[in-house]
Amino acid sequence: MTSIATLGSHCALQVLKGAKDEGFKTVLVCEKKRERLYKRFRFIDEIILVDSFREILDQRCAKILQENDSIIVPHGTLISQMSSNEIESIKNPIFGNKWILRWESDRKMKEKLMLESHLPVPKSIPNPNEIKGLVIAKRHGAAGGKGYFLATSESDYNKKRDELIRQGIIDGDNDLYIQEYAFGVSAYLQYFYSGANEDLEFFGVDRRYESDIDGLGRIPAPQQIAVDLIPSFNVIGNSPLVLRESLLDEVYSMGEKFVEAAKRLVAPGMTGPFCLEGVYDSNGKFTSFEFSARIVAGTNLYVSGSPYSSLMYNEPMSMGRRIAREVKIAKDKNVLQKVVT
Ligand code: ATP
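(A) View of empty space enclosed by the protein. Tallied over the entire structure, the rule returns three cavities of 30 Å³ or more. The volume enclosed by the largest cavity comes to roughly 80 Å³. Lining the largest cavity are Arg107, Lys110, Glu111, Met114, Val121, Pro122, Ser124, Lys138, Tyr177, Gln179, Ser288 and Phe289. Contributions of two or more residues to the lining of the largest cavity are made by α7 (107-116), β8 (176-180) and β13 (286-292). At four residues, α7 tops the list of elements feeding residues into the lining of the largest cavity. Counted by class, the lining of the largest cavity contains five nonpolar, three polar and four charged residues.

(B) A look at the site of the ligand. Near the ligand lie 23 residues; those nearest to it are Tyr148, Ala182, Tyr188, Glu210 and Glu290. Taking Tyr148, its side chain carries an N or O atom lying 2.3 Å from an oxygen atom of the ligand. Between the ligand and Tyr188, the relevant distance is 2.5 Å, taken from an oxygen atom to a side-chain nitrogen or oxygen of the residue. Alone, the ligand offers 620 Å² of accessible surface; in the complex the protein occludes 94% of this. Looking at the shell around the ligand, the elements that each hand over two or more residues are β6 (135-139), β8, β10 (199-212) and β13. In terms of residue count, the dominant contributor to the shell around the ligand is β13 (three residues). A class-by-class count of the residues in the shell around the ligand yields ten nonpolar, five polar and eight charged.

Rules used throughout
- Every chain is numbered on its own, with residues counted from 1 as its sequence reads.
- Confidence filtering applies because this is a predicted model: local features only for residues at pLDDT of at least 70, side-chain atom pairs given and counted only at 80 or more, and all residues used for totals across whole chains, interfaces and linings.
- To obtain the side-chain values, all non-hydrogen atoms of the structure were included, while hydrogens and water were left out.
- Here a cavity means grid points, on a 1 Å grid over the protein atoms only, where a 1.4 Å probe fits yet cannot get out; a pocket means an open set of points with protein on both sides within 12 Å along at least five of seven lines; lining residues are those with an atom within 4 Å of a point.
- Grid points are joined across faces, edges and corners, and a volume is the space filled by probe spheres set on the points.
- Numbering goes from the N terminus for both helices and strands, where a helix is a DSSP run of H or I of at least four residues and a strand is a run of E of at least two.
- Under the convention adopted here, Pro, Cys and the residues Ala, Val, Leu, Ile, Met, Phe, Trp and Tyr are nonpolar, Asp, Glu, Lys and Arg are charged, and Gly plus all remaining residues are polar.
- Proximity is defined per residue: if any heavy atom of the residue lies within 4 Å of a molecule or strand, that residue is considered near it.
- Within 3.5 Å is the distance limit for a polar contact, defined as a pair of N or O atoms, with the added protein rule that one can donate a hydrogen and the other accept it, and that residues adjacent in sequence qualify only through two side-chain atoms.
- Residue exposure ignores everything except the shown protein chains as possible cover, and the areas themselves are Shrake-Rupley values with a 1.4 Å probe.

Without other data, these values stay purely geometric and don't point to any function.
Shown next, in the form of structure tokens:
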């Protein structure tokens, strides 16, 4: 009997609860230090204890997952703790397109896919001496905003970069990708593309609360200036958002363009959950600075369904549950190879 497996972090609870609701056996690869936490949840059927998530690459883990006929649901922790080569080398089936995860981790590939999607993206700045206005310097991979910083000139950039090197957070310029700062209201658009039904579903929106940058907004300007701090964009949590209904049509067409572009660049395309991340300006125009090609933690908000999933399903449908439902649909239609790699 097929089971659904994931790593114990990020959105594991939502994914496994959803899998259980769909009637699957659930398997968690769990670091020993988190065993007590995850044992609290009765919908987790089997726990594979490891010292480090990297053991998922080892024979022992692979064998247990194989015996359980597990489909692994990848999330941000898998991406941040393993290289693209390692992820691609996993023999057990992975939900969605494991090849597209490399396009998420590599900033240059990421930019290529976003441009191919014809999404409005902030300009990237190849060299610090080309910095003219406000820019954001970001680390490669899913660093979750840690060690990112703002700069307005080359000297400002150099000063902050040197400070982060001194703190041991980055090694040098090669660790950083510079992009124009996009102003507006941030929104993280959560989608699911069904490979089995060949249909795009819009699942929800969230905003992120990032430290230190969001905390700084609570302090009056004179104190902000006085604080000697390079504010980071480290995600602490998420809060829900609904969009003006007039923005929805564009939300779907952006998602569709992304799916189409992914089909052209990285077979079998963007299947399963993904997220377009960006800001809306005062004209309601979306600029996308980032995508995630797998489930994002912002979907944890909607374990009982979202304002958008409720319009499509007459039952509580979380992203985790939708993933499990997709496995079921694909199995019924005999097209499992379309939804796992
Ligand atoms: P994750 O993988 O968790 O999405 P990440 O490490 O890939 O994170 P980004 O999402 O690119 O990082 O950036 C982290 C945060 O920095 C964003 O949530 C946003 O607040 C801010 N940010 C990034 N790029 C821009 C930009 N061009 N303009 C404005 N803000 C930005």
